[in-house]
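An overview of the molecular structure
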Amino acid sequence: MLNTLLYSHLYRWYESNRRILPWRETEDPYRIWLSEVILQQTRVAQGLDYYLRFVSRWPTVEDLASADEAEVLREWQGLGYYSRARNLHKAARMIVESKGGLKAGQTVFPTSFEAIRALPGIGDYTAGAIASFAYDMPYPAVDGNVYRVVARLLDIDEPFDTTAGKKLFRKHIEQLLDREHPRLFNSAIMEFGALQCTPVLGDNCLSCPLQAQCLAYAHGTAELLPVRKPRPKVRDRWFTYHIYLTTMDNGQWTMDNVCTLIRRREEKDIWYHLYEFPCEESNSSLTGEAGPTAKRSNSKAILQAQPVYAFTHILSHQRIHARAIIHKVQKMPDIPGTISIRWEELNDYALSRLTLRVVDTVRSTLPR
Ligand code: SF4
């Protein structure tokens, strides 16, 4: 009875307030999956552009599977958390390869929660979102918005991001889920969290249709919820990028006439398989100028080395203290794993946001 009342208020609110978003207007599991992966850690306004570009370039899971990983990473550039793109591509290939005896044109996307959940990069949330939005199956899709709404409705002060907290919330959300209309319920409660029961509430509670059912409102605890576990300590790292530049046929030091060195990152970290300038990591403050990754015999060829830029780049658990040094050289040094490309070809390679900041800075020091 309590839930029935809650559903009717929630759905009425949803009908009047919901945003028209392309991934909520389709039941295509591939497109829903794509949108959910893009929207993790990304604002809707920014994610929308990426979503439209992806579905335009790769309209089906087969199209995505046939793309090169480098192309997918290049299209993902700027979104960060590149493991999402790598997993997306890997999962697309797995889906297509498992097609087995299906005829061309038949749906190849998995149709059970367990099979969806087994794909790389797909956790409980994404599997629940695909199962409910695409197939209207009774699985919850619990993102940050939903945790917030449920924590407040039920006045739960247990951290939602611990193992015990997740279990507790899962139990409550399973009880709250509208099993007759899971697609509608999940869409509505997520949108409600995004637009009405927001992190900073302002006057939202006063106009809230769920106010009478909300325990946190009754107890005056809404602004304190949800509770998170203490954040891990942020790790400081110090990077020095060496930007080797040489001119083509000893011409002008202009952007369209210089070459540079880049390497594909093979370290299995968040920048795996992205391209970057030769980079040194040190333990503390930034020192050194010549770039010891280059062989000593090349040092005579350096015409000019100057620090050009230092900045701090913040990631969720890391603080990168970066600087870039430009080395204008007659001949490129011999650094294992690097390739020499024209500066203007940088656009053809997948670069992290951090590397893009370096590119922008160096670009501003060179005439066009
Ligand atoms: S009353 Fe306030 S805290 Fe409670 S559900 Fe509504 S907006 Fe959220």
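These notes cover the structure that comes with them. Just so it is clear, the model here is predicted, and its values are computed rather than measured.

Comments concerning the pattern of salt bridges
A side chain with one charge can pair with a side chain of the opposite charge if their charged atoms come near. Inspection of the entire model under this criterion finds 21 salt bridges. Between E276 and R265 there is a salt bridge whose closest N-O contact spans 3.0 Å. Placement of E276 in strand β3 (residues 275-276) and of R265 in the loop between β2 (258-264) and β3 is noted, with a sequence separation of eleven residues between them. The exposure class assigned to E276 is buried, which follows from its relative accessible area of 4%. Across the pair D360 and R363 runs a salt bridge, and its minimum N-O distance is 3.5 Å. Of this pair, D360 and R363 are both found in helix α13 (residues 353-365), three residues apart, which corresponds to roughly one turn of the helix.

Focus on the packing of aromatic side chains
Aromatic rings considered in pairs are described by the distance between their centres and by the relative angle of their planes. Following the criterion strictly, the structure yields 16 aromatic pairs and no others. Ring centres 5.8 Å apart and planes at 80° place the aromatic pair Y7 and F185 in the edge-to-face group. Taken together, the positions of Y7 in helix α1 (residues 2-17) and F185 in helix α11 (residues 182-195) put the pair 178 residues apart, joining distant regions of the chain. Accessibility expressed as a relative area gives 13% for Y7, which makes it buried. Classification of F185 by relative accessible area gives buried; the value is 1%. Consider the rings of F277 and W343, whose centres lie 5.9 Å apart with planes at 15°: the pair is stacked. With F277 in the loop between β3 and β4 (279-282) and W343 in the loop between β7 (338-342) and α13, this pair connects stretches of sequence that are 66 residues apart. Residue classification places W343 among the buried positions, given a relative accessible area of 1%. An aromatic cluster of at least three residues, connected via ring pairs, comprises Y7, Y11 and F185.

As for the environment of R57
As for its position among the elements, R57 is in helix α3 (residues 44-57). Sequence separation between R57 and A67 is ten residues, and the spatial gap between their C-alpha atoms is 9.8 Å. Not counting the four nearest positions on each side in its chain, R57 is found in contact with E71 and E75.

Let's talk about the pairing of strand β6 (residues 318-329)
By the criterion of burial, β6 is predominantly enclosed, with eleven of the twelve residues buried. Examined bridge by bridge, strand β1 (residues 235-247) and β6 share eleven bridges and lie parallel to one another. Within β6, the position partnered with T240 by the bridge is R323.

Thresholds, definitions, all that
- Residues numbered from 1 in each chain as written.
- Predicted model: local features only at pLDDT ≥ 70, side-chain atom pairs only at ≥ 80, totals over all residues.
- Heavy atoms only, no water.
- Salt bridge = Lys/Arg side-chain N within 4 Å of Asp/Glu carboxyl O.
- Helix = DSSP H or I, 4+ residues; strand = E, 2+ residues; numbered from the N terminus.
- Buried < 20%, exposed > 50% of the residue type's maximum accessible area, 1.4 Å probe, protein only.
- Phe/Tyr/Trp six-rings, centres within 6.5 Å; stacked < 30°, edge-to-face > 60°.
- Contact = heavy atoms within 4.5 Å.
- Pairing = 2+ DSSP bridges.

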